[in-house]
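Analysis of the macromolecular model
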Amino acid sequence: MRRVRVLGFIALGLLAAATALTPAAQAARKLRVVTTIPDLKALTEAVGGDLVDVDSLSRGVVNAHEIEIRPSMMLKLRRAEVLVENGLELDSWIDVAIQGSNNANIIRGGAGLIDVSRSLPVLEVPTVRVDRSMGDVHPRGNPHYSLDPGMAPIITQNIVDGLARVEPEHRPTFERNRQAFLAELDRHMGEWSKMLEPVKGSRVVVYHPQWIYFLTRFGLVEAGWVEERPGIPPSPQHLVRLVRTMKDQGVKVLVYAPWNDQKLAARIAEEAGAKPVLLAQMVGGVKGADSYISAVDYNVKALAQALRQ
Amino acid sequence: MLPELLALLWAPFLMCLVLTGIHAYLGVHVLAREVVFVDIALAQIAALGATAAFLLGWELDTWESYVFGLTATIAGALVLALTRTRRRRVSQEAVIGVVYAASSAGAVLLSDRAAHGAEQVRTMLVGNLLAVNGAEVVKVAVLYGLIGVFHWLCRRPFFLISTDPDGAFAAGWRVRLWDFLFYASFGVVVTSSVRIAGVLLVFSYLIVPALAGVMLGASIPSKLLIGWAFGTFVSVVGMIASATFDLPTGATVVCAFALTLVALWAVYLRARPAARPPSPPLAGPA
């Protein structure tokens, strides 16, 4: 009996010690945020700072249209207080996981669901009826806007508003963080614009049409794409027309992402006398592109170098 | 349009001819051994090996990736050689089926972990014929030529074991060893072909021309010649169809194989003499 009591006291003592060591963590409990793509994770961390603990459900190298839902994702979603999504049907794969997570915060209409495409000026909104025969073309416009630095103000504003819905007392902090981040981004924008100024108006061919926002931001022109119907391999006729366009219009660069077929990109570029250039399609898409600013920086530098030759 | 199409398609077309050459020959063996799915199983194992390499950071066109695929295929070949039992208690086809399913699922699991796995898996299925260039055609032709020479030198045991395994056992050939050599060289071919043409197209090149040869030919040489002619013909038709009807090339050639086979089958059924004996007369009234 005595032994049990001693053990009991030791256990209590350990528990007390453990509790004593955690008040710091208790006081600064972070908001649990989950984002669909890594760009949004980077921007949420820029806005939330120490107040948020952010997880991204996908990595920067993947094809963001089709992500396999894994049990670990459902687990993360179940515990999430906020979900940040890209919208415009890029991450419609998340819907099944949201339903499965049974988390009232993040269902459609929930307080914790942030769609950062709200009030965003969308490009390439289709003007004709879109159906499955056109591949997985996006019926609500091109959703690949997240790595266009010019969209950062709107995206971060949506994130601030969303986070403030859940934790209104921290709104001033979120706003401050946002301003600081945008200020730094502005500084870099100056450099980036200068780097691409000499090659403004250059025509570029892309593998998959996910670069339009970025190219337009810096005055470059998208002259065509390899995967005419995204998700379906290109036919010989399409490739012939593309090569012809590239030769006629003096296109010197073919932009592709890590998940594209590098071998085919190289073959087409070789045929057309152009260079294949790998760009970071999202944060973490290539080595050296691990933050939002470094990812954009990488892309600008790679393009500038390829186009100047 | 035409000269540009030719510029784009000449290398893929030559590759198709190279594939026809080696695969029609191997297909005759495969049909004789009645292990049709060994090709698709080994092709899938090769894809699994490449996916594993991919996970470790080696892209599809590196030699490390090739070695991974090859090692996996050789291991698969070993399994297949060792599971051939004299008494055929367990159908080898069942083993092959399990191997295929396991390596397919394994590839999905691995590519889930890897960076852009879904695209990887899809490419290994339909292949990447349009991205082939002249240098690659030469490399593959030389490799397959060497394997062809090897098979020519070993033609006696290979053909004997394929067509009459019991006789081979009786005659004292070390059947398991020759089996392993056959499947290993087969594995080298499949590993290389899968990266270029994908699992489905490799399977078609292996089985369909050989089927045509078996349907129409009597002796081994005639089966081979018919198979080569058939494979060449379908490659031409498939590439022309892909170019004319604006369709992805790999999938078109696979369908061309299937359709031409169906047409051939119809002709074959019509042309061959009636085999069934006349039915006995009805019993008259008792």
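Residues numbered from 1 in each chain as written. Chains lettered and ligands numbered in written order. Predicted model: local features only at pLDDT ≥ 70, side-chain atom pairs only at ≥ 80, totals over all residues.

Comments concerning the overall build of chain B
Condition: To qualify as a helix, a DSSP run of H or I must reach at least 4 residues; to qualify as a strand, a run of E must reach at least 2; elements of each kind are numbered from the N terminus. Residue burial is a threshold on neighbouring C-beta atoms within 10 Å of the residue's own C-beta, all placed from the backbone, with 20 or more meaning buried, 12 or fewer meaning exposed, and counts in between meaning partly exposed. A pair of residues counts as a contact when their C-beta atoms, built from backbone coordinates, are separated by no more than 7 Å.
Counting its regular elements, chain B contains 11 helices and zero strands. Traced from its N-terminal end to its C-terminal end, chain B shows the element sequence α-α-α-α-α-α-α-α-α-α-α. In chain B, buried positions account for 45% of the 286 residues. The long-range fraction of contacts in chain B, counting pairs at least 24 apart against all pairs at least 6 apart in sequence, stands at 72%.

Observations regarding the packing of helix α9 (residues 236–248) of chain A against helix α10 (residues 262–272) of chain A
Residues and elements named next belong to chain A. We apply this condition: The angle between two axes is taken between their N-to-C directions and runs from 0 to 180 degrees, where each axis is a line fitted to C-alpha atoms and a helix contributes only its stretch in contact. An angle below 35 degrees is treated as roughly parallel, one above 145 as roughly antiparallel, one from 65 to 115 as roughly perpendicular, and anything else as oblique. Left-handed describes a crossing in which the near helix is turned anticlockwise from the far one by less than a right angle; the clockwise case is right-handed.
Close contact between α9 and α10 brings their axes to 9 Å; oriented N to C, the two are set at 50°. On the basis of the axis angle, α9 is oblique to α10. Note on packing geometry: the crossing formed by α9 with α10 is right-handed. On the side of α9, the interface is formed by Leu 239, Leu 242, Val 243, Met 246 and Lys 247, while α10 contributes Ile 268, Glu 271 and Ala 272.

Some words on unusual backbone geometry
You will see that A:Glu89, though not glycine, has its phi angle at about 65°, which is positive. With respect to the secondary-structure elements, A:Glu89 resides in the loop between β3 (82–85) and α5 (94–101). At B:Asp246, a residue that is not glycine, the phi angle is positive and equals roughly 65°. By the element assignment, B:Asp246 lies in the loop between α10 (220–244) and α11 (249–271).

Examining the sheet that holds β3(A)
Picture the strands of a sheet paired through backbone hydrogen bonds; they go either parallel or antiparallel. Residues and elements named next belong to chain A. The test is simple: Strands qualify as paired when DSSP identifies two bridges or more between them.
A sheet is described by the order of its strands in space; here four strands give the open sequence β2-β1-β3-β4, paired in parallel fashion. Two strands close off the open sheet at either side, each with one partner strand: β2 (52–56) and β4 (113–115). On average, adjacent strands in this sheet sit at an angle of 20° to one another, irrespective of strand direction. As defined by bridge partners, strand β1 (residues 31–35) adjoins β2 across five bridges and the pair is classed as parallel. Bridge pairing in β2 links Leu 31 to Val 52. Running over the sheet, helix α6 (residues 152–166) touches β1, β3 and β4 and is turned about 165° from β3.

What about the environment of B:Arg122?
Tracing the backbone through its elements, the reader meets B:Arg122 in helix α5 (residues 117–126). In sequence terms B:Arg122 and B:Ala171 are 49 residues apart; their C-alpha atoms lie 46 Å from each other.

Re the confidence of the model for chain B
Residue and element names in this part refer to chain B. We apply this condition: A score from 0 to 100, pLDDT tells how confident the predictor is in each residue.
For chain B, the average pLDDT comes to 84, and 90% of its residues sit at 70 or higher. Confidence, expressed as mean pLDDT per element, reaches its minimum in chain B at α5 with 73 and its maximum at helix α6 (residues 134–153) with 94. The ipTM assigned to the predicted complex is 0.75, against a pTM of 0.80.

What to know about the sheet that holds strand β8 (residues 275–278) of chain A
All names here are of chain A. As summarised here, the arrangement of the four strands in space is β6-β5-β7-β8, forming an open sheet in which the pairing is parallel. The sheet terminates laterally at β6 (221–225) and β8, the two strands that pair on one side only. Going from strand to strand, the sheet's axes swing by 35° on average, the running direction of each strand aside. Of the strand pairs in this sheet, strand β5 (residues 203–206) and strand β7 (residues 253–256) are connected by two bridges, and their pairing is parallel. By the bridge assignment, Val 205 is partnered in β7 with Leu 254. In this fold helix α11 (residues 292–308) packs onto β7 and β8, with an angle of close to 170° to the strand it touches most, β8.

Some remarks on α6(A)
All names here are of chain A. To keep things clear, this is the line we draw: The span you would expect from a helix comes to 1.5 Å times its residue count less one.
Relative to the 21 Å expected for 15 residues at 1.5 Å per residue, α6 spans 21 Å between its end C-alpha atoms, a close match to the ideal helical length. For α6, the full list of buried residues reads Ala 152, Ile 155, Thr 156, Asn 158, Ile 159, Val 160, Gly 162 and Leu 163. Check the buried side of α6 and you find it contacts β1, α3 (38–48), β3, β4 and α7 (171–196).

With respect to the nonpolar core
Basically, it comes down to this: The nonpolar core is taken to be a set of buried Ala, Val, Leu, Ile, Met, Phe, Trp, Tyr and Cys residues joined by way of C-beta atoms within 7 Å. Residue ranges assigned to the domains are those given by an automatic or database domain assignment.
Counting residues in hydrophobic clusters, the biggest one holds 165 residues, and the most contacted among them are A:Leu254, A:Val255, A:Ile268, B:Met15, B:Ala43 and B:Val202. With 21 residues, helix α9 (residues 175–216) of chain B is the largest single contributor of residues to this core. Residues lining this core come from more than one domain, with at least three contributed by each of domain 1 (26–189) and domain 2 (192–308) of chain A. Among all residues touching B:Ala43, those that are not within four sequence positions of it are B:Val190, B:Val194, B:Val199, B:Val202 and B:Phe203.

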